[in-house]
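Commentary on secondary and tertiary structure
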Amino acid sequence: MTMTQAEITSVLQELLHKIAPEVDLARVEPGESLREALDIDSFDFVNFLGGIHDKLGVDVPETDYGKVRTLSQLVNYLSARIK
Amino acid sequence: MPSLGVDMQAGTLTDWKVKPGDHVRRGDVIATVETDKANVDVEIYENGVVDRLAAKPGDKLPVGTLLAVIRGEGEAAAPAAPKRVAASPLARYKARELGVDLTTLSGTGPHGVIEAADVERAAQAARPTVAAPVPPAPPAPAPAPPAGTPAMTGMRRAIAAAMARSNREIPHYYLETRIDMHTALHWLEQVNLERSVKDRILPAAMLLKAVAVALTQVPELNGYWVNDDYQIKEQIHIGMAISLRSGGLVIPAIHDVDEKSVGDVMEAVRDLITRTREGRLKSSELTDGTITVTNLGDLGVETVFGVIYPPQVALIGFGRITPQAHVADEMIGIRPVLSATLAADHRATDGHRGAQFLTALNGVLQEPDKL
């Protein structure tokens, strides 16, 4: 499976919308911390990663949490791992 | 209408799950009630048969109002056989808790039904050393929201009432300790390596279990202060403060945390957060908490000084785990450090006991493999 960055972003936005439906995702800057911008806690974040695993087949290990803080970081991280 | 927390004054019956003649067992859900905070499945406290339903869906009723009459298994429906004592579910629950014989009471509720306040008065009167009991005020209907204050939701009003009562009635004392989390986090990392992303255990679940284990060593912080009486509870049901995206918070309890594995606690946390945010809680989850844990570490808060949720006597606050210079074995190193605070009721315990609890908590987290 190959996906463009736009397609990955779309999947991520769909998942984030379920967690924070009241947030206008278009206003979230690519370099902004997702947890701060969306006011999501660690439980929501783990659920979000679970959704990524289901939809994109990528497991983000705990040791990599620091590498996926922003939308752009996450998209780049997933692009490199989706096969 | 059961009291589903100190901050509840009234509830709206939304649905009956039973009908007259149905057999019910302790723990069965018999109705759903909408409160200011959630839709709640109301459970029954004892086995029996539904004799009659005294309210209809849509009724908004003050706490203590009769919802239904349940008669014991084998008892004939009134009025044929020995008449069963008419009492609200909350009154029966309190009677068991306080050791009051319902058959000796006269009820002040509609049609003479015994209400929780009747039981509390009887329990207070039975104690020889206390001053003359002051009858509690009858439950009042929830006040109408004042005009022009859209921010003052029903939930905000309920939280305001509960926290004001807590600050008014409970002489809080606070203690703080800093815990080196290196060993605990390393252990958790190893445990999570074997788990899928969805099953990963969050530090919050490990901390809940650690609190429960520490409470088995210092049980005095696990209990209620009711009617000037202090009751230590054997079972450890930890109320977990959960914030809602729409504002406000709910404190449902996870039952018997000390008896669960850390993985099971995580599963319970996951289930409880999901149902809380969907507004699907059980009455026992809102009423059974024996202590509260609030964790604001996700929001970057370093130290939490909480307000106790009555009638509980303690609240544990956790802040963010941050890398800090930490001295151990006369060596300074950078370690992940957690600020743990205890807010406790000085009527129930003293600082000495509180300090013992925090020391126990620290000790438990230094040996996470024993959790």
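Residues numbered from 1 in each chain as written. Chains lettered and ligands numbered in written order. Predicted model: local features only at pLDDT ≥ 70, side-chain atom pairs only at ≥ 80, totals over all residues. Heavy atoms only, no water.

1. As for the overall build of chain A
- Across its full length, chain A holds four helices and zero strands.
- Moving toward the C terminus, one meets the helices and strands of chain A in the order α-α-α-α.
- Relative to a compact globule of 83 residues, whose C-alpha radius of gyration would be 12 Å, chain A shows 12 Å and is just as compact.
- Dimensions of chain A, computed from the C-alpha atoms along their principal axes, are close to 30 × 25 × 20 Å.
- The buried share of chain A, reckoned over its 83 residues, is 43%.
- Here the analysis covers contacts within chain A between residues at least 6 apart in sequence; of these, 55% occur between residues at least 24 apart.
- When the accessible area of chain A is evaluated, it comes to approximately 4400 Å², of which 48% is carbon and sulfur surface. (Helix = DSSP H or I, 4+ residues; strand = E, 2+ residues; numbered from the N terminus. Rg over C-alpha atoms; globule rule 2.2 N^0.38 Å. Buried < 20%, exposed > 50% of the residue type's maximum accessible area, 1.4 Å probe, protein only. Contact = heavy atoms within 4.5 Å. Areas by Shrake-Rupley, 256 points an atom, 1.4 Å probe, with all protein chains shown as cover.)

2. Looking at the overall build of chain B
- A tally of regular secondary structure across chain B gives eight helices and 18 strands.
- Buried positions account for 48% of the 371 residues belonging to chain B.
- Looking at chain B alone, contacts between residues at least 24 apart form 61% of all its contacts between residues at least 6 apart.
- For chain B, the exposed area adds up to about 17200 Å²; of that, 53% sits on carbon and sulfur atoms.

3. Brief notes about the nonpolar core
- Counting residues in hydrophobic clusters, the biggest one holds 81 residues, and the most contacted among them are Met206(B), Val211(B), Ile238(B), Phe318(B), Phe357(B), Leu361(B) and Leu365(B).
- The element that contributes the greatest number of residues to this core is helix α5 (residues 203-217) of chain B, accounting for nine residues.
- Two domains each put at least three residues into this core: domain 1 (10-71) and domain 2 (154-370) of chain B.
- The contacts of Phe357(B), once residues within four sequence positions are left out, are Val211(B), Ala214(B), Leu215(B), Val218(B), Leu221(B) and Ile316(B).
- In this structure, Leu25(A), Ile40(A), Leu74(A) and Ile82(A) belong to the second largest nonpolar core, which totals 28 residues. (Core = buried A, V, L, I, M, F, W, Y, C linked by side-chain atoms within 4.5 Å. Domains from an automatic or database assignment.)

4. Quick look at the interface of chain A and chain B
- Counting from both sides, the interface comprises 23 residues of chain A and, opposite them, 13 residues of chain B.
- For the chain A and chain B pair, buried surface summed over both sides reaches about 1600 Å², with 49% attributable to carbon and sulfur atoms.
- For the chain A face of the interface with chain B, the top three residues by lost area are Phe43(A), Val46(A) and Glu62(A), together amounting to 39%.
- At the boundary of chain A with chain B, the tally comes to six salt bridges.
- Asp59(A) is paired through a salt bridge with Arg200(B); the nearest N and O atoms lie 2.8 Å apart.
- Here the side of chain A that touches chain B takes eight residues from helix α3 (residues 42-56) of chain A, the largest share from any one element. (Buried area = accessible area lost by both parts, 1.4 Å probe. Salt bridge = Lys/Arg side-chain N within 4 Å of Asp/Glu carboxyl O.)

5. Here we look at the domain arrangement of chain B
Residues and elements named next belong to chain B.
- As assigned here, chain B comprises domain 1 (10-71) and domain 2 (154-370).
- Computed from C-alpha atoms alone, the centre-to-centre distance between domain 1 and domain 2 is 31 Å.
- Between domain 1 and domain 2 the total buried area reaches about 970 Å² when both faces are included, carbon and sulfur atoms providing 52% of it.
- Connecting domain 1 to domain 2 are zero salt bridges.
- Where domain 1 touches domain 2, the interface holds six residue pairs in polar contact (both at pLDDT 80 or more).
- Its residues assigned to classes, the side of domain 1 that touches domain 2 comprises four nonpolar, one polar and four charged. (Polar contact = N/O pair within 3.5 Å; in protein donor to acceptor, adjacent residues only side chain to side chain. Nonpolar A, V, L, I, M, F, W, Y, C, P; charged D, E, K, R; others polar.)

6. Considering the sheet that holds strand β7 (residues 68-71) of chain B
Residues and elements named next belong to chain B.
- Taken in spatial order, the three strands make up an open sheet running β2-β5-β7, and their pairing is antiparallel. Bordering the open sheet on either side are β2 (23-24) and β7, each of which pairs with just one other strand.
- Where β2 meets strand β5 (residues 48-53), two bridges bridge the pair, whose relative direction is antiparallel. For His 23, the partnering residue across the bridge sits in β5 and is Val 49. (Pairing = 2+ DSSP bridges.)

7. Things to note about the pattern of salt bridges
- Taken as a whole, this structure holds 24 salt bridges over all chains when the rule is applied.
- For Arg178(B), the salt bridge identified is with Glu302(B), shortest N-O distance 3.8 Å. Placement of Arg178(B) in strand β8 (residues 172-180) and of Glu302(B) in the loop between β16 (291-295) and β17 (314-328) is noted, with a sequence separation of 124 residues between them.
- Among the charged side chains, a salt-bridge network with shared partners connects Asp41(A), Asp44(A) and Arg277(B).

8. A closer look at α3(A)
- With 15 residues, α3(A) should reach 21 Å at 1.5 Å per residue; the first-to-last C-alpha distance of 20 Å fits that figure.
- The buried count for α3(A) comes to 11 of 15 residues, which makes it a mostly enclosed element.
- Looking only at α3(A), the buried set comprises Ser42(A), Phe43(A), Asp44(A), Phe45(A), Val46(A), Phe48(A), Leu49(A), Gly50(A), Gly51(A), Ile52(A) and Leu56(A).
- Buried residues belonging to α3(A) abut α1 (5-19), α2 (34-38) and α4 (71-79) of chain A together with α6 (262-278) of chain B.
- Where α3(A) begins, one side-chain oxygen reaches toward the backbone nitrogen of Phe43(A), 3.2 Å away; that side chain belongs to Asp41(A).
- Looking one or two places after α3(A), you find Gly57(A), whose phi comes out positive at around 75°. (Expected span 1.5 Å × (residues − 1).)

9. Some remarks on the packing of α1(A) against α4(A)
Residues and elements named next belong to chain A.
- At their nearest, the axes of α1 and α4 sit 10 Å apart, and the two run at 120° to each other. When the interaxial angle is binned, α1 and α4 end up oblique. The interaxial crossing formed by α1 with α4 has right-handed handedness. Here Gln 5, Ile 8, Thr 9, Leu 12 and Leu 16 of α1 come into contact with α4, specifically with Leu 71, Leu 74, Val 75, Asn 76, Leu 78 and Ser 79. (Axes fitted to C-alpha atoms, helices over the stretch in contact; angles between N-to-C directions. Parallel < 35°, antiparallel > 145°, perpendicular 65-115°, else oblique. Left-handed = near helix turned anticlockwise from the far one by under 90°.)

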